[in-house]
Amino acid sequence: MNLEGRAVLVGSMLLTLVLGSVHAFSVFLISLEDIFGATRSEPSLSYLLPLASITAVVLTAYRLFGRFSPATLALVACGGAAVGAMVAGSGSHIAFVWIGYGVLFGAANGLGYALALQFSAHANPGSEGMAMGLVTASYGIGAAVAPIPFDLLVVSYGFVGGM
């Protein structure tokens, strides 16, 4: 593994560490129920939608890899995730959460995850499996550590602060 391959791998792992936070969504459930007077099923849809969006984009993102640079795609993924979180946190109806977090954040998450897998493997010929495994593990670690800051933000600033 050369220096460039290691740098791509570390960058990919950092990206997926942050994006793995999507799986810490349960921290927001009670807050969403309180804000919108929702039943448990309505906020739960706010987690189902990003999973569907992630899956759809991961399955189709390969079409973008030859058309745009990795830096451009990473910028779109990070910017899209930020916009999605802002939309989710700014609405007066749970539909804003579904659109912002479910569709926008979820699609951006899928793009970032697919990008990290593709380019970490491509940058590390002969070690593709290890690179993809480390990127996937980083995604899982993000899901495990994200509840800590999310919970602090929700307790201090509510759902909007968490987003």
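Residues numbered from 1 in each chain as written. Predicted model: local features only at pLDDT ≥ 70, side-chain atom pairs only at ≥ 80, totals over all residues. Heavy atoms only, no water.

### Details of the overall build of the protein chain
- Helix and strand counts for the protein chain stand at eight helices and zero strands.
- Starting at the N terminus, the α and β elements of the protein chain follow one another as α-α-α-α-α-α-α-α.
- A globule of 163 residues ought to have a C-alpha radius of gyration of about 15 Å, and the protein chain, at 16 Å, matches this closely.
- Taking all 163 residues of the protein chain together, the buried fraction comes to 41%.
- Sequence-distant contacts, at least 24 apart, represent 76% of the contacts inside the protein chain between residues at least 6 apart.
- Accessible surface, the protein chain as shown: approximately 8200 Å² in total, 71% of it carbon and sulfur.
- Looking at the protein chain, you have 4 positive and 6 negative side-chain charges, and the mean spots of the two groups are 15 Å apart. (Helix = DSSP H or I, 4+ residues; strand = E, 2+ residues; numbered from the N terminus. Rg over C-alpha atoms; globule rule 2.2 N^0.38 Å. Buried < 20%, exposed > 50% of the residue type's maximum accessible area, 1.4 Å probe, protein only. Contact = heavy atoms within 4.5 Å. Areas by Shrake-Rupley, 256 points an atom, 1.4 Å probe, with all protein chains shown as cover. Lys, Arg positive; Asp, Glu negative; His and termini not counted. Charge placed at Lys NZ, Arg CZ, Asp CG, Glu CD.)

### As for the layout of surface pockets
- The computed volume of the largest pocket comes to approximately 320 Å³.
- Going through the elements one at a time, α1 (3–19), α5 (70–90), α6 (94–122), α7 (128–145) and α8 (147–162) are the ones with two or more residues in the lining of the largest pocket.
- Quantified by volume, the second largest pocket comes out at close to 170 Å³.
- Broken down by secondary-structure element, the contributors of at least two residues to the lining of the second largest pocket are α1, α5 and α6. (1 Å grid on protein atoms, 1.4 Å probe; cavity = no way out; pocket = protein on both sides within 12 Å on 5 of 7 lines; lining within 4 Å. Points joined across faces, edges and corners; volume = space filled by probe spheres on them.)

### Focus: the packing of aromatic side chains
- Tallied over the full model, the rule gives eight aromatic pairs.
- Residues Phe65 and Phe119 carry aromatic rings whose centres are separated by 5.5 Å and whose planes lie at 75 degrees to one another, so their mutual orientation is edge-to-face. You can see Phe65 sitting in helix α4 (residues 62–65) and its partner Phe119 sitting in helix α6, a full 54 residues away along the chain.
- When its relative accessible area of 14% is taken as the criterion, Phe65 is described as buried.
- Grouped by ring-pair contacts, the aromatic residues Phe25, Phe28, Tyr47, Tyr101, Phe105, Phe150 and Phe159 constitute a single cluster. (Phe/Tyr/Trp six-rings, centres within 6.5 Å; stacked < 30°, edge-to-face > 60°.)

### Points about the packing of helix α2 (residues 29–36) against helix α3 (residues 41–60)
- Relative to each other, α2 and α3 sit at 130 degrees, their axes nearing to 9 Å. Here α2 is positioned oblique relative to α3, judged by the angle of their axes. With respect to the hand of their crossing, α2 and α3 are arranged in right-handed fashion. Counting all contacts with α2, which are made through Leu29, Leu32 and Glu33, the residues of α3 involved are Pro43, Ser44 and Ser46.
- Per-class residue counts for the contact of α2 with α3 are three nonpolar, two polar and one charged. (Axes fitted to C-alpha atoms, helices over the stretch in contact; angles between N-to-C directions. Parallel < 35°, antiparallel > 145°, perpendicular 65-115°, else oblique. Left-handed = near helix turned anticlockwise from the far one by under 90°. Nonpolar A, V, L, I, M, F, W, Y, C, P; charged D, E, K, R; others polar.)

### A closer look at α7
- With 18 residues, α7 should cover 26 Å at 1.5 Å per step; its first-to-last C-alpha distance of 26 Å lies within 8% of that length.
- Listed in full, the buried residues belonging to α7 are Ala131, Val135, Ser138, Tyr139, Gly142 and Ala143. End-on, the buried residues of α7 take up no more than an arc of 145 degrees, which puts them together on one face. Turned more than 90 degrees off the buried face of α7, the exposed positions are Gly129 and Ala144.
- Tucked into the core, α7 has its buried residues touching α1, α3, α6 and α8. (Expected span 1.5 Å × (residues − 1). Arc of directions from axis to C-beta.)

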